[in-house]
Amino acid sequence: MKKKKRSAKNLKIKTRIILTSVLAIVIPIVALLSFSPVLVNTISAYFSFSSVTTNTYSAINQLQWTQTISSITDELISDNNDSQKLNNLSDFLSPLEKLNCLIYIEKDSHVFYKTENAGNIPEKARAVVDTDFSKNLNYFGSNGLLIVNHTQLDSASPMYTLVIVNQDYTVNDASQRLSAQELTELLLGRTGIIVLITAVLFVIAISVISLITSKTIVDPIKKISHGADEIAMGNLDYEIDYKSTNELGQTARSFNDMRVKLKESIERQHKAEEERKVLIAGIAHDMRTPLTSVKGYAEGLADGIADTPEKQKRYIKTICDSIADMEKILDDLLTVSKLELINYELSKTDVSVKEFFDDGAQEIKTLLDSCGFDFSYENKCSDETVICIDSDRFSRVISNIISNSIKYARDDIKGKISIVIDEYERSVIIEISDNGIGVDRESLPKIFDTMYRTDPARTKVSQGSGLGLAVCKQIVELHSGTIWARSDEGKGLSVFISLPKKEVF
């Protein structure tokens, strides 16, 4: 399986900050190391550590003298012959003599090299500072410079004594060494440029990394903030366009999920409000019809229109039937209201599928025989199959579906209702089918909605209030079940109910 590549966009903010801090240190160091050969060459060329460039004391000048003396002594004890040594020493001695330095070299107490026309160099050396030439000396004073150095390769090799005198050498007063002018010269010189380059590298590195960090952190935060503002203003179609697995990506995803759920909640509220409006309008319309009938026939009785016992009996029966219709509507409405309560609880008990439906089938057969309907019943569940239901409420479901099938039977064919119960691994499915008028494809998804009737004009109030199947749906869902329907218009309707089985241990 191909491993998913981790994108830099998905780095956690904590990791990103740590990485930024590390890079802010590493990048300038790498840059300095890359440029170090150039810097070293530049510094070496400028300060010329291999040769003396000035007669004024400074730390650099002292380093120059140390390096120069080291180079001279290395040549004196080399394996070259005297002629080669003198030839090679000229590269070191000539620059010194141009700075008015007097150079005197002895080899085993014999003169090996001496600056031309310099007179008595040892005497001039003593004029600078009284010294014993048998000891090494490095003297840098305001009255001159004196260096005495002895070198010998080994005890069998000749001893060289090097004496360098410069009476023009000066040492500045300590209070003046860090004067403002010298500091300015230092900053504006090549040393200052090198320091400036180093500082610029650090600034550039930190700035670039800060910009990158800002781009990857601040921009997503702005997107999330803008998205939150859009949602707050009611724009629930706005989606925050930021995909990542880090904290900001999770926040953006949470905002998008919240937006979707909020939109769905509002849509449900709107739908519920519309259903309420339909319910109120439907109840008002359905109640008006029987009330009008009651009023009309009651006025007929009062006015003496029903002047025979037969007519009076017929009027009274019509009034009673209309009152029964109103009672049925109010009973269905009360049931719906109860089922919609959040704290409504069913009185569920464990019942045997075999016993519950076998007993109910006998009552249904008696009812259908009286209505001239054929009835078939098949229960494929075992004796051990158990479901947890509110028997009274679930009996209401079966009764409503059967009543619905009776009401919408076809006039041209004898009515027939069949019940088949199947058992599956985790559920029991009840199928109730009829051969009635059926439901068209457009209306089929709506038959379980509150106040929906296939009679759009709602002229047949006696055939029901439109709450029967809605009550069935609510009761089934309270049992953690599912209800749905299939229909072939003109050939009948099949209603299916799926209920979870009770696990028996």
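Residues numbered from 1 in each chain as written. Predicted model: local features only at pLDDT ≥ 70, side-chain atom pairs only at ≥ 80, totals over all residues. Heavy atoms only, no water.

A. Inspection of the overall build of the chain at higher detail. Secondary structure assignment for the chain yields eleven helices and twelve strands. Out of the 505 residues belonging to the chain, those deemed buried represent 35%. Put simply, 62% of the contacts in the chain that link residues at least 6 apart link residues at least 24 apart. On the chain, roughly 30600 Å² of surface is accessible, and the fraction owed to carbon and sulfur atoms is 55%. (Helix = DSSP H or I, 4+ residues; strand = E, 2+ residues; numbered from the N terminus. Buried < 20%, exposed > 50% of the residue type's maximum accessible area, 1.4 Å probe, protein only. Contact = heavy atoms within 4.5 Å. Areas by Shrake-Rupley, 256 points an atom, 1.4 Å probe, with all protein chains shown as cover.)

B. Spotlight on the sheet that holds strand β5 (residues 160-166). An order of β2-β1-β5-β4-β3 is seen for the five strands of this open sheet, with the pairing classed as antiparallel. Both edges of this open sheet fall to β2 (110-114) and β3 (137-141), since each of them pairs with a single strand only. Pairs of neighbouring strands in the sheet enclose a mean axial angle of 15°, with direction left out of account. Note: β3 against strand β4 (residues 144-151), five bridges, orientation antiparallel. Its bridge partner lying in β4, N138 is registered against I147. Against the sheet, helix α3 (residues 82-98) engages β1 (102-107), β2 and β5, with an angle of about 50° to β2. (Pairing = 2+ DSSP bridges. Axes fitted to C-alpha atoms, helices over the stretch in contact; angles between N-to-C directions.)

C. Highlighting α3. With 17 residues, α3 should reach 24 Å at 1.5 Å per residue; the first-to-last C-alpha distance of 23 Å fits that figure. Remark: the principal bend of α3, roughly 45°, maps to D91, with a proline, P95, within the next four residues. Those residues of α3 that are buried are in contact with α2 (59-76), β1, β2 and β5. Its side-chain oxygen at 3.2 Å from the backbone nitrogen of S83, N81 defines the N-terminal cap of α3. Looking one or two residues past α3, N100 carries a phi angle of roughly 70°, positive in sign. (Expected span 1.5 Å × (residues − 1). Bend = angle between axes of the 7 residues up to and from the residue. Polar contact = N/O pair within 3.5 Å; in protein donor to acceptor, adjacent residues only side chain to side chain.)

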